[in-house]
Amino acid sequence: MTRFQALMLPALIALLSACATPTEPTEAHPERSSAPQPTPRTEGGHLPKVDWNTERARIARALSGASDLSVITRNDGNLQVLIPGAEAFARDGVEPRASLRATLDRVAAVLAEKPETEILVLGHTDGVGSELHNMQLSIRRAEAVVEYLRTHGIALTRLQADGRGETEPFADNGTEAGRAKNRRVEIIVRPFAR
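Definitions and cut-offs
Residues numbered from 1 in each chain as written. Predicted model: local features only at pLDDT ≥ 70, side-chain atom pairs only at ≥ 80, totals over all residues. Heavy atoms only, no water. Axes fitted to C-alpha atoms, helices over the stretch in contact; angles between N-to-C directions. Helix = DSSP H or I, 4+ residues; strand = E, 2+ residues; numbered from the N terminus. Parallel < 35°, antiparallel > 145°, perpendicular 65-115°, else oblique. Left-handed = near helix turned anticlockwise from the far one by under 90°. Contact = heavy atoms within 4.5 Å. Nonpolar A, V, L, I, M, F, W, Y, C, P; charged D, E, K, R; others polar. Phe/Tyr/Trp six-rings, centres within 6.5 Å; stacked < 30°, edge-to-face > 60°. Lys NZ or Arg CZ within 6 Å of the ring centre and 35° of its normal. Core = buried A, V, L, I, M, F, W, Y, C linked by side-chain atoms within 4.5 Å. Buried < 20%, exposed > 50% of the residue type's maximum accessible area, 1.4 Å probe, protein only. Pairing = 2+ DSSP bridges. Polar contact = N/O pair within 3.5 Å; in protein donor to acceptor, adjacent residues only side chain to side chain.

Trainee: How do you make sense of the packing of helix α2 (residues 52-63) against helix α3 (residues 98-112) when you look at a structure like this?
Mentor: In a pair of packed helices, the angle between the axes and the distance between the axes together describe the arrangement. Here α2 crosses α3 at 155°, and the two axes come no closer than 10 Å. Between α2 and α3, the angle is such that the two are roughly antiparallel. Between α2 and α3 lies a crossing of right-handed hand. Contacts between α2 and α3 involve Arg58, Ile59, Ala62 and Leu63 on the former and, on the latter, Arg106, Val107, Val110 and Leu111. Partitioned by chemical class, the residues of the contact of α2 with α3 number six nonpolar, no polar and two charged.

Trainee: Got a minute to help me understand the packing of aromatic side chains in this structure?
Mentor: Given two aromatic rings, one states the distance between the centres and the angle between the planes to describe the pair. In total, this model carries zero aromatic pairs according to the counting rule given. Its end group placed over the ring of Phe170, Arg184 keeps NZ or CZ at 3.9 Å from the ring centre.

Trainee: Explain the nonpolar core here, please?
Mentor: Within soluble globular proteins, side chains that are nonpolar generally end up buried alongside one another. Counting 27 residues, the largest nonpolar core has Ile83, Leu104, Val121, Val145, Leu149 and Ile187 as its most contacted members. Going through the elements one at a time, α2, β2 (79-84), α3, β3 (117-124), α4 (131-150) and β5 (184-191) are the ones with two or more residues in this core. For this core, the element with the most residues is α3, which contributes six residues. Residue contacts for Val145: discarding those within four places in its chain leaves Phe89, Leu100, Leu104, Val121 and Val185.

Trainee: So what exactly am I meant to see when it comes to the pairing of β2 here?
Mentor: In the case of a regular strand, side chains alternate between the two sheet surfaces. When you tally the buried positions in β2, you get five out of six residues, the bulk of the element. As defined by bridge partners, β2 adjoins β5 across six bridges and the pair is classed as antiparallel. Residue pairing for β5: Leu79 is matched across the bridge by Val189.

Trainee: What is the right way to look at the environment of Asp68 in this model?
Mentor: Looking at the element boundaries, Asp68 is found in the loop between α2 and β1 (70-73). For Asp68, a relative accessible area of 25% translates into the label partly exposed. Sequence spacing of Asp68 and Ala102 is 34 residues, and the spatial spacing of their C-alpha atoms is 9.6 Å. For Asp68, the residues in contact, after removing those within four places along its chain, are Leu82, Ile83, Pro84, Thr103 and Arg106. Side chain to side chain, Asp68 and Arg106 meet in a polar contact 2.8 Å long.

Laid out in structure tokens, this is it:
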């Protein structure tokens, strides 16, 4: 072992142990919660069966009627929660703003009730800027939303993040109104694959 490796090993061990240590709520960071519990499994290690029709209806009912999101049942039977993102993040920013945090608080509370579903967070951008930049930005925003949900009681084993950049526009990127509609976050909720 070289001298450099000998010096770096304790730092690496400390870094890894800090990453594995669950965070507790503090006065400075009340949004932090204990590490979420893993998704419960049956004795054979399988995920419990969920009545997806009932669960989908429960989630849709609990989240419907809000002006800051819409809930759609997709053709594949999965649930899509669409959150407009025009004001959700600062320009080129990845930290959720207060309005998005309030929406995510409600979503997290509803999704935390039943752990038998998986959650895919998709970030989208408008067409301003390079395609590569927008793809990276959409991924980072989706990851920020996943982290927010994780710190609000959703087990990391249920969460996935991905970005679509500017590749799936809802509206015309040639107008400001269209670009605003294209900046969004989608949350796909579905039962775990068996």
